[in-house]
Amino acid sequence: MKLQETAVLFAVLSSKPEKGEEPLKELEALCDTAGVLVKGHLLQVRRNPVGASYLGKGKVLELKELIEEREATLAICDAELSPVQGRNLERALGVRIVDRSELILAIFADHAQTKQARLQVELARRQYELPRLKRMWTHLHRERGGTGTMGGMGEKQIEVDRRLMKGQISTLKKRLKEIEKRRAREVRSRGKQFRVSLVGYTNAGKSSLMNRLTGAGVLAEDQLFATLDTRTRRWDLGEGREVLLSDTVGFIRKIPHHLVASFHATLSEALEADLLLVVADASDPDVELKLDSVHDVLESIGAGAKDQILVFNKMDLLKTRQHLPLLKGPHPRAIPVSAYNGEGLDELSKKVRSAADAFSKDLWIEIPYEEGQLLALLREKATVLEEKFENQGVRMKVRISPALMATIESRGVRRLPA
Ligand SMILES: Nc1nc2c(ncn2[C@@H]2O[C@H](COP(=O)(O)OP(=O)(O)OP(=O)(O)O)[C@@H](O)[C@H]2O)c(=O)[nH]1
Ligand SMILES: [Mg+2]
């Protein structure tokens, strides 16, 4: 029988938590997703964590007592610990120490479905392990009942392991590059359709919206990081407008930096989009904080300046509309919706439709046969919807951006009445 892992959570806070604030709530949700039972909390308020042991001496002893009293098999820290801090704490406490990064990496490893996601997680984990030279905590360890420290590894073994790991890291990088190249080709072949990408904090309801809007059937669950890869589907906006909608990996505060680096290709799906739908959970008391970190991640991958529509999801969970002015105050243009009961989705479609209309319009034009270059340009940069071959030239119905239309008009092409 597999024993359930149990944990005590701990963190250093730079200031005293406000009344009603639950500083370890998100870490608990991460534990829940990873299948770890939480048995207790320990907080220390101090300006900076201690360099060698993260917690102060007295608090380490307190934590040890708590672990023994609650019979926990793990102690989980809400920050990323340095290799030294991790080792020292493990020695002092006699249980396995898992930090926030390691926990998130373990969840990613569990949830990775596609080859690309698996390789990306594997790469991030190897990079995390390299300076620590310990095997990460995984469900495999749990099945073996393995807790406690690695200890006792000889210098020579460490050298061999380190070299091995470096080799694995460069192989993983190479394999990922190949997949990325293939994907880039696929993206290019999608042509000139307007692309919309759902982004936002993990568990905000991106996949649920994707399902509701496109009938995609992607996994949506009350878990953190249910989605790790990117799915793209056609989204019919009505009135003959169709765009491509992508759902992808969610963001989190204090995201392990190795994960950002190895998931760069997946995260940068947002870079390829013409419009971002930034999805937030309107029922979450921390919504503003989480939106800030979403904007930070967007900024860091170079997508900060993209056109955005803010979408407040889960409106069905707000008991009264009173909450709405509160949400709309700083965000007057946000659209309130519910993936659950469908409210607000028509308005959302309308907003996206007008963004897509501004991006490109459907027009009839006529190009003389001798204008071969113009014909080629249109085939490459616009979408040809219909073609009729007349005496003078080709009559075409094209979906075309205002910029491209201006270019061809400057070359003497006129638009025809519809
Ligand atoms: N009540 C309510 N629940 C919702 C709504 N939208 C999503 N949920 C729930 O919120 C949870 C997370 O939804 P997902 O669609 O998986 O969220 P996500 O943003 O894709 O999350 P990750 O892929 O994990 O980053 C699920 O339990 C959904 O059923 C909504 O409009 N109302
Ligand atoms: Mg999802």
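Given the structure is predicted, the values throughout are model-derived calculations rather than measurements. (Residues numbered from 1 in each chain as written. Chains lettered and ligands numbered in written order. Predicted model: local features only at pLDDT ≥ 70, side-chain atom pairs only at ≥ 80, totals over all residues. Heavy atoms only, no water.)

**Q** Sorry, what's going on with the sheet that holds strand β12 (residues 383-389) here?
**A** The strands making up a sheet associate through backbone hydrogen bonding, with each pair oriented either parallel or antiparallel. The antiparallel open sheet is built from four strands, whose spatial order is β12-β13-β11-β14. The open sheet has two edge strands, β12 and β14 (415-416), and neither has a second partner. Bridge count for strand β11 (residues 361-368) against β14 is two bridges, and the pairing is antiparallel. Residue Trp364 lies in a different strand from β14, and its bridge partner there is Leu416. Sheet contacts for helix α15 (residues 372-381): β11, β12 and β13 (393-400); angle to β13, the most-contacted strand, approximately 30°. Most of the contacts of helix α16 (residues 402-410) go to β13, to which it runs at about 155°, and overall it touches β11, β13 and β14. (Pairing = 2+ DSSP bridges. Helix = DSSP H or I, 4+ residues; strand = E, 2+ residues; numbered from the N terminus. Contact = heavy atoms within 4.5 Å. Axes fitted to C-alpha atoms, helices over the stretch in contact; angles between N-to-C directions.)

**Q** Would you take a moment to explain the coordination of the magnesium ion (ligand 2) for this structure?
**A** Metal coordination angles have textbook ideals: 109.5 degrees for a tetrahedral set of four donors and 90 or 180 degrees for an octahedral set of six. Ser207 (OG) and Thr227 (OG1) make up the full set of protein donors to the magnesium ion (ligand 2), lying at 2.0 to 2.1 Å. Remark: Thr227 occurs in the loop between α8 (206-214) and β6 (231-238) and Ser207 occurs in helix α8; sequence separation between them is 20 residues. Both residues of the pair, Ser207 and Thr227, count as buried. (Donors = N, O, S within 2.8 Å, 3.2 Å for Na, K, Ca; no water. Buried < 20%, exposed > 50% of the residue type's maximum accessible area, 1.4 Å probe, protein only.)

**Q** So what exactly am I meant to see when it comes to the domain arrangement of the protein here?
**A** A common way to report how large an interface is uses the accessible area buried once the components associate. Split into domains, the protein comes out as domain 1 (6-143), domain 2 (192-357) and domain 3 (360-416). Put simply, the middle of domain 1 and the middle of domain 3, counted by C-alpha atoms, are 60 Å apart. (Domains from an automatic or database assignment.)

**Q** How do you make sense of the layout of surface pockets when you look at a structure like this?
**A** The space that makes up the largest pocket amounts to roughly 870 Å³. In this structure, the largest pocket is lined by 38 residues; those nearest its centre are Glu22, Glu26, Arg253, Asp286 and Lys290. Breaking the lining of the largest pocket down by element, the ones donating at least two residues are β1 (6-13), α1 (25-34), β8 (275-281) and α12 (287-300). For the lining of the largest pocket, the leading source of residues is α12, giving five residues. Within the lining of the largest pocket, the residues separate by chemical class into 18 nonpolar, six polar and 14 charged. Composition of the lining of the largest pocket by domain shows at least three residues from each of domain 1 (6-143) and domain 2 (192-357). (1 Å grid on protein atoms, 1.4 Å probe; cavity = no way out; pocket = protein on both sides within 12 Å on 5 of 7 lines; lining within 4 Å. Points joined across faces, edges and corners; volume = space filled by probe spheres on them. Nonpolar A, V, L, I, M, F, W, Y, C, P; charged D, E, K, R; others polar.)

**Q** How should I be thinking about empty space enclosed by the protein in this particular structure?
**A** Left-over empty space is what a probe sized like a water molecule reveals as it rolls over the atoms. Under the counting rule described, the total for this entry stands at one cavity of 30 Å³ or more. A class-by-class count of the residues in the lining of the largest cavity yields seven nonpolar, one polar and no charged.

**Q** Please explain a negative patch on the surface as it appears in this structure.
**A** A contiguous patch of negative charge, built from Glu18, Glu21, Glu22, Glu28, Asp32, Glu221, Asp222 and Asp286, is present on the exposed surface. Structurally, Glu22 is set in the loop between β1 and α1. (Patch = residues over 30% accessible without salt bridge, like charges linked within 9 Å, V, L, I, M, F, W, Y side chains within 5 Å. Areas by Shrake-Rupley, 256 points an atom, 1.4 Å probe, with all protein chains shown as cover. Salt bridge = Lys/Arg side-chain N within 4 Å of Asp/Glu carboxyl O. Lys, Arg positive; Asp, Glu negative; His and termini not counted. Charge placed at Lys NZ, Arg CZ, Asp CG, Glu CD.)

**Q** Hey, could you run me through the confidence of the model for the protein in this one?
**A** When pLDDT drops low, the exact placement of atoms in the prediction is not to be read closely. For the protein, per-residue confidence averages 87 on the pLDDT scale, and residues scoring 70 or more make up 91% of the total. Contacts from residues 140-152, a stretch scored under 50 in pLDDT, to residues over four places away or in other chains number 17 contacts. (pLDDT = per-residue confidence, 0-100.)

**Q** What should I look at first to understand the pairing of strand β7 (residues 241-247) in this one?
**A** Regular strands place side chains that alternate from one sheet face to the opposite one. Summarising burial for β7: six of the seven residues are buried, a large majority. Pairing geometry for strand β5 (residues 195-200) and β7, over four bridges, is parallel. Paired with Leu198 across the bridge in β7 is Asp247. Bridge count for β6 against β7 is seven bridges, and the pairing is antiparallel. The partner of Trp235 across the bridge, within β7, is Val243. Between β6 and β7, which pair antiparallel in sequence order, lie two residues; one of them, Glu239, sits at a positive phi of approximately 50°.

**Q** Got a minute to help me understand the pattern of salt bridges in this structure?
**A** Pairs can form between side chains of opposite charge once their charged atoms are near each other. Inspection of the entire model under this criterion finds 19 salt bridges. With its nearest N and O atoms 3.4 Å apart, the salt bridge here joins Glu62 to Lys59. Of the two residues, Glu62 and Lys59 both sit in helix α2 (residues 57-70), three residues apart, roughly one turn of that helix. Judged by relative accessible area, which is 38%, Glu62 ranks as partly exposed. Here Lys254 and Asp78 are joined by a salt bridge, their closest N and O atoms 3.4 Å apart. In this pair, Lys254 sits in the loop between β7 and α9 (257-262) while Asp78 sits in the loop between β3 (74-77) and α3 (83-93), placing the two residues 176 residues apart along the sequence. A cluster of three or more residues bridged by salt bridges with shared partners is formed by Glu26, Asp78, Arg100, Arg253 and Lys254.

**Q** Is there a simple way to explain the site of ligand 1 in this structure?
**A** If you check the shell around ligand 1, you find 23 residues, and the closest are Lys206, Ser208, Ala226, Thr227 and Asp316. At 2.8 Å from an oxygen atom of ligand 1 is found a side-chain nitrogen or oxygen belonging to Thr227. Within the backbone of Tyr340, one N or O atom sits 3.2 Å away from an oxygen atom of ligand 1. Coverage of ligand 1 by the protein amounts to 88% of the 660 Å² it exposes when considered alone. Considering every element that reaches the shell around ligand 1, the biggest residue donor is α8, with three residues. Here the shell around ligand 1 is composed, by residue class, of eight nonpolar, ten polar and five charged. (Near = heavy atom within 4 Å. Polar contact = N/O pair within 3.5 Å; in protein donor to acceptor, adjacent residues only side chain to side chain.)

**Q** Got a minute to help me understand the sheet that holds β7 in this structure?
**A** If you walk across this open sheet you meet the six strands as β6-β7-β5-β8-β9-β10, and the pairing is mixed. The sheet is open, and its two edges are formed by β6 and β10 (335-336), each paired on a single side. As defined by bridge partners, β5 adjoins β8 across five bridges and the pair is classed as parallel. By the bridge assignment for β8, Leu198 is matched with Leu277.

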